[in-house]
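Letter by letter, the chains look like this.
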Amino acid sequence: LSCIRLRGSSGINAEYGDPIYVVYYGCCEQIVQVVQLIETKQLNFSHNCKLRFSCTHITDSDRSWIAKILRLKSIYHTTAELIAWLSTLGGGWSALGDSSEFAAKQCLEVSCQQLSLASKLNYPELISTCWLYIALSLMQLNQRRRSREIIKEQFSTVERYRDQKNLVSLYRATVFKYRALFF
């Protein structure tokens, strides 16, 4: 499998911020391996990286697989972008949720939408993050028992992914807020 990196649409006279095009050439089995590495986060790209695949020996079955892979890639990136937007929206509602029941309910709804999208991506650490957001929303709505249950349920996931500093910090902050509100 060979790889060529080009900056900008033509690769010449690129400006800062132009997308980086990474073009992979090889048989379809090799390209599938690259996509698997990307999906398992063993191969990372910046947000402005555009992937292009080119098979050297293309059969009809290869074309259908390439179409499926590119469709899945598109769905993944769209879903990840939606989660980021929902996170921003949820943070705003959460900030207002301490003083407004309506805002707390809106925050809970946004958190549930995030959880739905995170479940489609099947990333346990992101799913756990969404559950913790839900627990925080429930605390704002004074639902002590359900928020405590969620916090307990997420402990094992947080322990499993303790190298994810953002998840661990969110878990600790959620526990701290629970204790501050209800003890």
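Here is what the cut-offs are and how they apply
Residues numbered from 1 in each chain as written. Predicted model: local features only at pLDDT ≥ 70, side-chain atom pairs only at ≥ 80, totals over all residues. Heavy atoms only, no water. Core = buried A, V, L, I, M, F, W, Y, C linked by side-chain atoms within 4.5 Å. Buried < 20%, exposed > 50% of the residue type's maximum accessible area, 1.4 Å probe, protein only. Helix = DSSP H or I, 4+ residues; strand = E, 2+ residues; numbered from the N terminus. Contact = heavy atoms within 4.5 Å. Axes fitted to C-alpha atoms, helices over the stretch in contact; angles between N-to-C directions. Parallel < 35°, antiparallel > 145°, perpendicular 65-115°, else oblique. Left-handed = near helix turned anticlockwise from the far one by under 90°. Nonpolar A, V, L, I, M, F, W, Y, C, P; charged D, E, K, R; others polar. Expected span 1.5 Å × (residues − 1). Polar contact = N/O pair within 3.5 Å; in protein donor to acceptor, adjacent residues only side chain to side chain. Salt bridge = Lys/Arg side-chain N within 4 Å of Asp/Glu carboxyl O.

Below, the discussion takes up the nonpolar core. Membership of the largest hydrophobic core comes to 30 residues, with the highest contact counts inside it found for Ile134, Met139, Ile151 and Tyr171. Taken together, the elements giving at least two residues each to this core come down to α2 (60-97), α3 (101-121), α4 (124-140), α5 (144-160) and α6 (165-182). In terms of residue count, the dominant contributor to this core is α4 (eight residues). Every residue in contact with methionine 139, bar those within four places of it in the chain, is listed here: Ser147, Ile151, Thr174, Lys177, Tyr178, Leu181 and Phe182.

The next point concerns the packing of α4 against α5. It is at 9 Å that the axes of α4 and α5 come closest, and there the two elements cross at 160°. On the basis of their axis angle, the class for α4 and α5 is roughly antiparallel. Here α4 and α5 pass one another in a crossing that is left-handed. On α5, the residues touching Pro124, Ser128, Trp131, Leu132, Ile134, Ala135, Leu138 and Met139 of α4 are Arg146, Ser147, Ile150, Ile151, Gln154, Thr157 and Val158. Along the lines of polarity and charge, the residues of the contact of α4 with α5 split into 10 nonpolar, four polar and one charged.

In this section: α3. For α3, with 21 residues, the first-to-last C-alpha span of 30 Å sits near the 30 Å given by 1.5 Å per residue. Of all the positions in α3, only Ala103, Ala104, Cys107, Leu108, Val110, Ser111, Gln114, Leu115, Leu117, Ala118 and Leu121 are classed as buried. Among the residues of α3, the N-terminal cap falls to serine 100, whose side-chain oxygen and the backbone nitrogen of phenylalanine 102 are separated by 3.4 Å. Directly beyond the C-terminal end of α3, a positive phi value near 60° is found at asparagine 122.

It is worth spelling out unusual backbone geometry at this point. Trans is the prevailing form of peptide bonds, just as negative phi is the prevailing case for residues other than glycine. The phi torsion at asparagine 122 lies on the positive side, around 60°, for a residue other than glycine. Among the structural elements, asparagine 122 can be located in the loop between α3 and α4. The phi angle at asparagine 142 is positive, at roughly 65°, despite the residue not being glycine. With respect to the element layout, asparagine 142 can be found in the loop between α4 and α5. Given the relative accessible area of 60%, asparagine 142 is considered exposed.

Taken as a whole and assessed by the stated rule, the structure comprises five salt bridges. Where arginine 146 meets glutamate 149, a salt bridge forms, and the shortest distance between an N and an O atom there is 3.3 Å. Here glutamate 149 and arginine 146 lie together in helix α5, a separation of three residues that amounts to about one turn. For arginine 146, the salt bridge goes to glutamate 153, with nearest N and O atoms at 3.9 Å. On the accessibility criterion, arginine 146 (30% relative accessible area) is partly exposed. Salt bridges linked by common partners bring Arg146, Glu149 and Glu153 together as one network.

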